[in-house]
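One letter stands for each residue in the lines below.
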Amino acid sequence: MTNKTYTNPATIALHSGWRKDETTNSVTVPIHMTSSYQFDDTDHAANLFALGELGNIYSRIMNPTNAVFEDRIAALEGGVAALGLASGQAASAYAIQNLCTRGDNIVASSQLYGGTYNQFKNPFSDMGIEVRFVDPKDPQNFANATDDKTRAYYGEVLPNPSFQVFPLREVADIGRPLGIPLIVDNTAAPLICRPFDHGVAVIIHSATKYIGGHGTSIGGVIVDGGNFDWEAFPDRQPKLNTPDPNYDGVVWTEAVKPLGPIAYILKARTTLLRDMGAAMSPFNAFMFIQGLETLHLRMKEHSKNGQLVAEYLENHPLVETVAYPGISSGINKERAEKYLSGGCGGLQGFEIKGGLEAGKKFINNLEMLYHVANIGDSRSLAIHPASTTHSQLNDEELSSAGVSAGYIRLSIGIEHIDDIIADIDQALAKAE
Ligand SMILES: *Cc1c(COP(=O)(O)O)cnc(C)c1O
């Protein structure tokens with residue numbers, strides 16, 4: 001391990017949290033395929049279990065390969081610690097379950113990834129955790145839906161399919177004096193948005209998307225900003241401020257204090273991950289470490305190509321509307337300028353004239369762009385949400401999520417721009 005810390009993302013991605021293997025001098029991070037770790041002696045074991053020191057016990061809860069990934073993503077986001085998980089779905093679930101029990105609620109943006117929306121609406125309701133969905137266009141909607149049992153606010157930085165940037169600072173500022181943290185999903189905008197700079201307390205990612213970048217692995221991560229004063233709000237945040245029967249009666253904010261401002265993330269690791277078990281494979285952590293190394297370069301290319309495709313579509317006679325922060329106007333433009341820097345990423349949507357049938361023809365005539373339920377891959381991807389990712393939603397839910405019958409979502413990759421536009425152009429010509 002190296003003690004040197006860096007602030008530039010390009011350097012963090014290659015050097016943070018790892019210098020070389022102490023026994024073999026290996027420069028790249030080894031894949032530690034081990035389930036368990038030998039304790040030095042019984043005192044050492046007891047101390048690890050009592051959180052007297054942090055160390056390896058069992059790979060469901062921690063692993064040295066995963067630890068390097070976690071260290072790097074925490075450093076890239078400017079947070080204090082991170083928790084790698086089996087999927088983005090596990091990350092959103094644990095991020096909320098870490099604060100809520102039955103009878104509690106959260107207020108969430110209605111503009112969410114379809115999988116997150118389903119998770120919040122049904123499994124959470126089965127657990128007795130209510131999710132109150134509000135339109136994020138007016139931040140005041142979060143305040144209006146809040147009561148004494150509201151434990152968190154939740155939003156997506158750049159939600160697909162609407163691609164309207166979430167009002168981060170506005171909503172964070174409503175919650176902070178009440179003891180309510182803003183948790184955001186930054187899957188669509190890694191590095192180009194830095195949510196902790198705008199008052200956000202916790203970030204989650206689906207690492208499956210841009211972080212991996214190569215479309216090889218499913219994974220998720222929660223990053224703790226270390227910037228939220230949980231202890232100041234004992235009534236609002238009982239899970240962190242009252243004795244936890246699930247961990248020998250510890251009060252997390254007190255017990256963890258000597259280790260740094262990591263009560264939230266350490267609780268998630270040592271209770272939710274331990275008990276529910278959605279662990280990230282060390283092999284996948286290795287893949288995500290490879291992905292992080294080039295993330296800053298890829299985001300620049302995705303953003304450059306994304307902007308050019310949006311401008312091309314905007315001027316195409318068969319295209320009704322284009323949703324992309326880089327060509328937005330009004331409040332959406334203001335928010336894009338305030339919260340994104342260095343580009344707007346590769347995700348966008350457009351509405352094709354001719355609705356459902358034209359949409360299907362466009363998709364079926366693509367030759368290079370893949371037709372897949374994924375985003376953030378280095379390859380360009382396209383999908384028709386109304387018939388796939390959002391097919392479980394009824395008409396009203398569809399329209400509040402910003403999806404219509406002719407809506408096509410694109411995840412623009414890092415191929416040469418001429419080839420991307422040529423493929424879209426020929427598929428549009430055949431959709432008439
Ligand atoms: C894909 C995705 C998720 C879920 O992540 P998985 O890794 O597929 O479980 C959550 N949020 C957003 C914005 C996503 O795109």
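Quantities reported herein were computed from a predicted structural model and do not represent experimental measurements.

**Describing the domain arrangement of the chain**
Structurally, the chain comprises domain 1 (9–283) and domain 2 (296–429). Taking only C-alpha atoms into account, the centre of domain 1 sits 29 Å from that of domain 2. Taken together, the 38 residues of domain 1 in the interface contact 40 residues of domain 2. The interface formed by domain 1 and domain 2 contains one salt bridge. In this structure, Lys338 and Glu170 form a salt bridge, with 3.2 Å as the shortest nitrogen-oxygen distance. Here domain 1 is connected to domain 2 by 12 residue pairs in polar contact (both at pLDDT 80 or more). Listed by contribution, the elements that provide at least two residues to the side of domain 1 that touches domain 2 are helix H5 (114–121) and helix H8 (168–175). Looking at which element gives the most residues to the side of domain 1 that touches domain 2, the answer is H5, with four residues.

**What about the UniProt feature "modified residue: N6-(pyridoxal phosphate)lysine" (unreviewed entry) in the chain?**
Feature annotation in UniProt assigns "modified residue: N6-(pyridoxal phosphate)lysine" (unreviewed entry) to the following positions: Lys209. Within the element layout of this structure, Lys209 appears in the loop between strand E6 (202–206) and strand E7 (220–224). The exposure class of Lys209 is buried, given its relative accessible area of 11%. Not counting the four nearest positions on each side in its chain, Lys209 is found in contact with Thr187, Asn374, Ile375 and Gly376.

Reading the values: the criteria
- Residues numbered from 1 in each chain as written.
- Predicted model: local features only at pLDDT ≥ 70, side-chain atom pairs only at ≥ 80, totals over all residues.
- Heavy atoms only, no water.
- Domains from an automatic or database assignment.
- Contact = heavy atoms within 4.5 Å.
- Salt bridge = Lys/Arg side-chain N within 4 Å of Asp/Glu carboxyl O.
- Polar contact = N/O pair within 3.5 Å; in protein donor to acceptor, adjacent residues only side chain to side chain.
- Helix = DSSP H or I, 4+ residues; strand = E, 2+ residues; numbered from the N terminus.
- UniProt positions renumbered as here; feature names shortened; annotations may be inferred.
- Buried < 20%, exposed > 50% of the residue type's maximum accessible area, 1.4 Å probe, protein only.

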